[in-house]
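Given next are the chains, with one letter for each unit.
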Amino acid sequence: MRLSRYYLPLLKETPAEAQIVSHRLMLRAGMIRQEGAGIYAWLPLGFRVLKKIEQIVREEQDRAGAVEMLMPTIQPADLWRESGRYDAYGKEMLRITDRADREMLYGPTNEEMITEIFRAGVRSYKDLPKMLYHIQWKFRDEIRPRFGIMRGREFLMKDCYSFDVDETAGRRSYNKMFVSYLRTFSRMGLKAIPMRAETGPIGGDLSHEFIILAETGESAVFCDQGLINMAVPPKSTDFEGDLQPVIEQFTSLYAATDEMHDEEEFTSRVNENDRLSARGIEVGHIFFFGEKYSKPMKAVVASPEGGEVPVQMGSYGVGVSRLLGAIIEAHHDDAGCKWPTAVAPFHVGLINMRSGDGPCEEACEKIYAALEAAGVEVLYDDTPARGGEKFARMDLIGLPYQITIGPRGLEAGEAEVKSRADGEKTSIALDKVASEIAAKVKVELDYA
RNA sequence: CGGGGCGUAGCGCAGCCUGGUAGCGCAUCUGGUUUGGGACCAGAGGGUCGCAAGUUCGAAUCUUGCCGCCCCGACCA
């Protein structure tokens, strides 16, 4: 992509309303634009990151055996009357009437609808287990939206639902999602810690929140330091095999959000040096809630013993749009974002120090074409701006690699490459730079 | 929902108390000098001062109502 054709409205000054670094950087880097309280437009750069995150979530859901579908954003109220949640959900649910005065709502979540869809198509325990998910926009009329997309009213969420014949099988589904989440967040360069959590209005008896540690997190958390560097299950993990040992490993050490925190247990189970009390961002939440919806909504299957039993359900959410903020919180410096390659809007920024200069342009065009041909995503700054400005904005948007072409390097037959993550600068021969960077990018994308 | 605050050029703000020509920095446009970490000089364009009503000879400024947004608290991906 040539920057001259792109839409990248960067802000030099920090907008007054942005309180946390991820919000500030998203506004300054031209990723989002606020259209109302808790409502944001995704500008081209932000949209690219959102799509990358979404795709990682999708790949790990598929790998765990979940099946993708898409449910509508607008739902009929009657569905929610069946579960009793139409009244229970309160003002957080955006209620709408259509032209015929039918009561509708903009979905804050989809348990009711997926249960309705499931019961229409499944009759026997032999059809189980099933895991269905979608990645769809939700609307929750939050009392107080804040921190940009971190707590927006409209947000993109992956929600998965599992259906099993009994509790044992249900827990197997829960375990699959547990492992899937560990991998999902790890691939984005995040260390997410599963913590025992309350079940909230969705209900149930088994629940974990996946928390990213960050100073600006909304919840206080307490955990054993040992969780931070625990090895995440590899790509080769067999999701049909026994995952219980992994779950036990990750739940063996103390970790709880403040609602579930037990100071006595914390101090008795965790050595003083390993006690970590911090703040965290919730990026995922998994529940097993059994018959909570299947019973009132009559989602039943024929059981092996004859007769009908309500299916055992779980639901599993990932805040896809929130993850952008969480990733920036974890990867940035004073100059801007430092995207992990897996979610970077582009892999490489190509800087022409002297636009309009024949040899510089020629060298840039050559490298640009070679990188694109190698499947590397390049943002080529072909604008007439001065070098300093180009450096500053590349640092701000935070692409993993910057390749600089200027008269100085050309004389030596070299391009300068900067790694945004560690700031390290190297010189590489002009005819090798594209292939070397392409190789690095490929390795980083193949990780996990 | 309770408490606090804000709304003036694309962005950041001053002006309001004490009513009288709407201003500054950045950005933008033109010309020139520059060009390896957000350049300099000269010139130019850009505003229903959130909306409405009222007070007044006169309102960005005072009064009232409305709308929008932000921050602090209890809920949530």
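Residues numbered from 1 in each chain as written. Chains lettered and ligands numbered in written order. Predicted model: local features only at pLDDT ≥ 70, side-chain atom pairs only at ≥ 80, totals over all residues. Heavy atoms only, no water.

## Brief notes about the packing of aromatic side chains
Part 1 of the argument: Counted under the stated rule, the structure contains 14 aromatic pairs.
Part 2 of the argument: For the pair Trp80 and Tyr89, a centre-to-centre distance of 5.6 Å together with 80° between the ring planes defines the contact as edge-to-face. Here the two residues Trp80 and Tyr89 agree in accessibility, since each one is buried.
Part 3 of the argument: For the ring pair Tyr106 and Phe139, a centre distance of 5.9 Å and an interplane angle of 65° mean the geometry is edge-to-face. Placement of the pair is Tyr106 in strand 6 (residues 103–106) and Phe139 in strand 7 (residues 130–139), with a sequence separation of 33 residues. For the pair formed by Tyr106 and Phe139, the shared burial category is buried.
Part 4 of the argument: In this arrangement the basic side chain of Arg48 is found over the ring face of Phe346, its NZ or CZ atom lying 3.9 Å from the centre.
Part 5 of the argument: The lysine or arginine in question, Arg146, covers the ring of Phe147, its NZ or CZ lying 5.8 Å from the ring centre. (Phe/Tyr/Trp six-rings, centres within 6.5 Å; stacked < 30°, edge-to-face > 60°. Buried < 20%, exposed > 50% of the residue type's maximum accessible area, 1.4 Å probe, protein only. Helix = DSSP H or I, 4+ residues; strand = E, 2+ residues; numbered from the N terminus. Lys NZ or Arg CZ within 6 Å of the ring centre and 35° of its normal.)

## What to know about the protein's contact with RNA strand B
Part 1 of the argument: Near RNA strand B, the surroundings consist of 47 residues, among which Gln34, Arg144, Arg151, Arg386 and Asp395 are the closest.
Part 2 of the argument: Near the protein, meaning within 4 Å, the atoms of RNA strand B are sugar or phosphate in a fraction of 46%, with bases accounting for the rest.
Part 3 of the argument: Between Glu13 and RNA strand B, the recorded distance is 3.0 Å, taken from a side-chain N or O atom to a base nitrogen.
Part 4 of the argument: Note that a base oxygen of RNA strand B is positioned 3.3 Å from one of the side-chain N or O atoms of Lys425. (Near = heavy atom within 4 Å. Polar contact = N/O pair within 3.5 Å; in protein donor to acceptor, adjacent residues only side chain to side chain.)

## So, the domain arrangement of chain A
Part 1 of the argument: Segmentation of chain A into domains returns domain 1 (3–336) and domain 2 (346–446).
Part 2 of the argument: For domain 1 versus domain 2, the separation of C-alpha centres amounts to 37 Å.
Part 3 of the argument: Contacts between domain 1 and domain 2 engage 16 residues on the former and 14 residues on the latter.
Part 4 of the argument: Here domain 1 meets domain 2 over a buried area of about 1,300 Å², counting both sides, of which 63% is carbon and sulfur.
Part 5 of the argument: The tally of links from domain 1 across to domain 2 stands at 3 salt bridges.
Part 6 of the argument: A salt bridge links Asp333 to Arg420; the nearest nitrogen and oxygen atoms lie 2.8 Å apart.
Part 7 of the argument: Remark: the boundary between domain 1 and domain 2 carries 5 residue pairs in polar contact (both at pLDDT 80 or more). (Domains from an automatic or database assignment. Contact = heavy atoms within 4.5 Å. Buried area = accessible area lost by both parts, 1.4 Å probe. Salt bridge = Lys/Arg side-chain N within 4 Å of Asp/Glu carboxyl O.)

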